[in-house]
Amino acid sequence: MFAGTMGPLIGLLLLCLALTLTTDTFLTMRNILNVLDQITVLGIMAIGMTLVILIGGIDLSVGSVLALAAMVMGFVAHPDYLNLGLAAGVVAALVVAGLCGLVSGLLVTVTRLPPFIATLAMMSVARGLANMITDGSQIVGFPDWFTSLSIIRHFGFLSVTVGVMMVLAIVFAIFLNYRATGRSLYAIGGSAEVARLSGIPVKSLTNWVYTICGVLAGLAGIVLAARLDSVQPSSGLGYELDTIAAVVIGGASLSGGVGSIGGTAVGVLIIGVLRNGLNLLGVSPFIQQVVIGVVIALAVASDTWRRRAR
């Protein structure tokens, strides 16, 4: 489950040590819980992206799908619009997000578009649809029980949204390591043609992977709505880059066939801890972007060096 994560894990520990020595508030229970809350949306999206990258694909649409799913939920559930209830809104959001992922998968498997182009197109379409739902306006105000899912800490430390992220990580880690279908994803990433000749339904699994990635992006949009008590069509801008970065920092290879949920969890934590630490140090948001960009470049470069060494 944590194969190939020794380097990222050491990096995470060194980062935590450095921040502990340079700040008074980093290594406190309150701050650690804040970091967990802050990485929930990214963590859920990164699980789906891990599956996509494992098969040698990429999904640039997850940020836009997040926004579209959140807007659909708000439009269906909010009293100012359809007022069908939050349960109906959540179901509608997940269905729409799944359909977006399925369309991306079909563009890759049926029309044979490169994943970059297929998901780039979906990114534009989903963002446009998210703006069309309310003509670019945000929707504010959801039931208290919904927003409390990300606020109330059960057992003193665990909110429902963080718990959902952890459960999903465990389920997908078990799936990838102990189910034949999960191992097939590694085979597809290694060589799709060899996997096909071995009897693996490459096209079907590819469609399912993109669909699951879309559903998880939609779920991340619901979690974000619970945290903010609002939804807006501009949500998720740039999230696709953070999501891909987390997976790659965690040891996954952009060429496919290498990666793990454990590694992705470490990558998500590195991004979350880095942002939190830079905020505690009072570093400008613009400099933060530079730092995170350098970290991403180093992660991709290390992936290239590993493949050349092999």
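Use the structure listed above.
Residues numbered from 1 in each chain as written. Predicted model: local features only at pLDDT ≥ 70, side-chain atom pairs only at ≥ 80, totals over all residues. Heavy atoms only, no water.

K.L.:
Looking at this structure, I do not really get the overall build of the protein. What am I missing?
P.N.:
In terms of helices and strands, the protein carries 14 helices and two strands. Rg of the C-alpha trace for the protein: 19 Å, near the compact-globule value of 19 Å for 310 residues, within the 12% margin. The principal-axis extent of the C-alpha atoms belonging to the protein is close to 55 × 50 × 35 Å. Looking at the 310 residues of the protein, the share that counts as buried comes to 48%. Restricting the contact set of the protein to residue pairs at least 6 apart, pairs at least 24 apart contribute 76%. (Helix = DSSP H or I, 4+ residues; strand = E, 2+ residues; numbered from the N terminus. Rg over C-alpha atoms; globule rule 2.2 N^0.38 Å. Buried < 20%, exposed > 50% of the residue type's maximum accessible area, 1.4 Å probe, protein only. Contact = heavy atoms within 4.5 Å.)

K.L.:
When you look at the packing of aromatic side chains in this model, what are you seeing that I'm missing?
P.N.:
In total, this model carries four aromatic pairs according to the counting rule given. Where Phe172 meets Phe175, the ring centres are 6.5 Å apart and the plane angle is 85°; that geometry is what we call edge-to-face. Of this pair, Phe172 and Phe175 both sit in helix α8 (residues 160-178), separated by three residues, roughly a single helical turn. Relative accessible area serves as the criterion here: at 12%, Phe172 is assigned to the buried category. One aromatic cluster is present, formed by Phe142, Trp145 and Phe146 through successive ring pairs. (Phe/Tyr/Trp six-rings, centres within 6.5 Å; stacked < 30°, edge-to-face > 60°.)

K.L.:
What is the right way to read the pattern of salt bridges from this model?
P.N.:
Note on pairing: side chains with opposite charge can pair once their charged atoms come close. According to the stated counting rule, one finds three salt bridges in the structure shown. In this structure, Asp242 and Arg275 form a salt bridge, with 3.0 Å as the shortest nitrogen-oxygen distance. With Asp242 in helix α12 (residues 239-249) and Arg275 in helix α13 (residues 261-280), this residue pair connects regions lying 33 residues apart in the sequence. The exposure class assigned to Asp242 is buried, which follows from its relative accessible area of 13%. Under the relative-accessibility criterion, Arg275 is labelled partly exposed at 31%. (Salt bridge = Lys/Arg side-chain N within 4 Å of Asp/Glu carboxyl O.)

K.L.:
Where do I start with the packing of helix α3 (residues 40-54) against α8 in this structure?
P.N.:
The geometry of a pair of packed helices is captured by two quantities: the angle between their axes and the separation between those axes. Interaxial distance between α3 and α8 falls to 8 Å at its minimum, and their mutual angle equals 15°. By the angle between their directions, the pair α3 and α8 is classed as roughly parallel. As for the relative orientation of α3 and α8, their crossing is left-handed in sense. Of the residues in α8, those touching α3 at Thr40, Gly43, Ile44, Ile47, Leu51 and Leu54 are Thr161, Val162, Met165, Leu168, Ala169, Phe172 and Leu176. (Axes fitted to C-alpha atoms, helices over the stretch in contact; angles between N-to-C directions. Parallel < 35°, antiparallel > 145°, perpendicular 65-115°, else oblique. Left-handed = near helix turned anticlockwise from the far one by under 90°.)

K.L.:
It is not clear to me how unusual backbone geometry should be interpreted in this structure. Could you clarify?
P.N.:
Where the residue is not glycine, phi is negative for most of them; where a peptide bond is considered, it is trans in most cases. Non-glycine residue Asn83 carries a positive phi angle of around 55°. Assignment of secondary structure puts Asn83 in the loop between α4 (62-77) and α5 (86-109). In this model, Asp229 sits at a positive phi of 55°, which is unusual for a non-glycine residue. Along the chain, Asp229 turns up in the loop between α11 (202-228) and β2 (230-231).

K.L.:
What exactly am I supposed to notice about empty space enclosed by the protein here?
P.N.:
Leftover empty space is mapped by rolling, across the atoms, a probe with the size of a water molecule. Counted by the stated rule, this structure contains one cavity of 30 Å³ or more. The wall of the largest cavity is formed by Ala70, Gly221, Leu224, Ala225, Leu228, Ser230, Val231, Gln232 and Ser235. For the lining of the largest cavity, the secondary-structure elements that each account for two or more residues are α11 and β2. In terms of residues, the lining of the largest cavity owes the most to one element, α11, which gives four residues. Looking at side-chain class alone, the lining of the largest cavity contains five nonpolar, four polar and no charged residues. (1 Å grid on protein atoms, 1.4 Å probe; cavity = no way out; pocket = protein on both sides within 12 Å on 5 of 7 lines; lining within 4 Å. Points joined across faces, edges and corners; volume = space filled by probe spheres on them. Nonpolar A, V, L, I, M, F, W, Y, C, P; charged D, E, K, R; others polar.)

K.L.:
Sorry if this is basic, but what is going on with the layout of surface pockets here?
P.N.:
The computed volume of the largest pocket comes to approximately 410 Å³. Along its surface, the largest pocket is lined by 16 residues, and Gln38, Leu42, Tyr239, Asp242 and Arg275 are the ones closest to its centre. Of all the secondary structure elements, the ones that give two or more residues to the lining of the largest pocket are α3, α11, α12 and α13. Sorting elements by how many residues they give to the lining of the largest pocket places α13 first, with five residues. Class assignment of the residues belonging to the lining of the largest pocket gives a composition of seven nonpolar, six polar and three charged.

K.L.:
Would you explain the nonpolar core in this entry?
P.N.:
If you look at the biggest cluster of nonpolar residues, it comprises 86 residues, and the most contacted ones within it are Met73, Phe146 and Val231. Element by element, the count of residues in this core is highest for α11, at 13 residues. When residues no more than four places from it in sequence are discounted, the contact partners of Met73 are His78, Leu86, Gly89, Val90, Ala93, Phe142, Phe146, Ile222, Ala225 and Val231. (Core = buried A, V, L, I, M, F, W, Y, C linked by side-chain atoms within 4.5 Å.)

K.L.:
What is the right way to read α5 from this model?
P.N.:
One turn of the α-helix equals 3.6 residues, which is why residues spaced by three or four share an orientation. If you check α5, its first and last C-alpha atoms are 34 Å apart, about what 24 residues at 1.5 Å a residue would give, namely 34 Å. Elements that come into contact with the buried residues of α5 comprise α4, α6 (115-133), α7 (144-147) and α11. (Expected span 1.5 Å × (residues − 1).)

K.L.:
Where do I start with the packing of α5 against α11 in this structure?
P.N.:
Direction vectors running N to C along α5 and α11 enclose 145°, while the axes themselves pass 7 Å from each other. By crossing handedness, the relation of α5 to α11 is classed as right-handed. For the pair α5 and α11, the contacting residues are Val90, Ala93, Leu94, Ala97, Gly98, Gly101, Leu102, Ser104, Gly105, Leu106, Val108 and Thr109 in the first and Lys203, Thr206, Asn207, Tyr210, Thr211, Gly214, Val215, Gly218, Leu219 and Ile222 in the second.

K.L.:
What's the story with α4 in this structure? I'm lost.
P.N.:
In this model, α4 (16 residues) spans 22 Å end to end at C-alpha, consistent with the 22 Å of a helix rising 1.5 Å per residue. The buried count for α4 comes to 15 of 16 residues, which makes it a mostly enclosed element.

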